[in-house]
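# Residue-level structure breakdown
The primary structure of each chain is shown beneath.
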Amino acid sequence: MLDAGAAPDLDLLLSPGDAAEFVAMRDWMRRDGRVEASMLWVVVHRRHGEWTHAYRVVRDRRPGHLTVYLERAEPGDARAALRAWLLERG
């Protein structure tokens with residue numbers, strides 16, 4: 001299980017003016033049917049127009065590494081909609 005107390009370093013995903021919001025720590029059913037413990041995030045990116053992305057962060061097979069999956073993207077500030085989608089989907 002991921003450590004719920006340790007937030008991942010999202011610096012590689014964020015530009016100045018972007019906003020990242022933690023949604024939940026959930027088990028997530030992958031496309032192949034396997035379930036992974038995942039940290040779910042929504043991020044509003046503003047650098048090249050406003051887009052909201054739903055990200056899933058999981059522990060990588062390599063110790064000490066994390067893998068970030070972009071699960072969905074919507075134009076504009078769609079934090080509420082993507083937060084609801086992540087909670088429903090997971």
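Above this text is the structure in question.
Residues numbered from 1 in each chain as written. Predicted model: local features only at pLDDT ≥ 70, side-chain atom pairs only at ≥ 80, totals over all residues. Heavy atoms only, no water.

What follows concerns the pairing of strand β3 (residues 51-59). By the criterion of burial, β3 is predominantly enclosed, with seven of the nine residues buried. As paired strands, strand β2 (residues 35-45) and β3 are joined by seven bridges and run antiparallel to one another. Looking at β3, one finds that histidine 45 is bridged to tryptophan 51. Connecting β2 to the next strand, β3, in antiparallel fashion are five residues, including glycine 49 with a positive phi near 90°. Of the strand pairs in this sheet, β3 and strand β4 (residues 66-75) are connected by nine bridges, and their pairing is antiparallel. Of the residues in β4, the one forming a bridge with valine 57 is valine 68. In this structure, the hairpin formed by β3 and β4 is closed by a connection of six residues, where glycine 64 is found at a positive phi of approximately 85°. (Buried < 20%, exposed > 50% of the residue type's maximum accessible area, 1.4 Å probe, protein only. Helix = DSSP H or I, 4+ residues; strand = E, 2+ residues; numbered from the N terminus. Pairing = 2+ DSSP bridges.)

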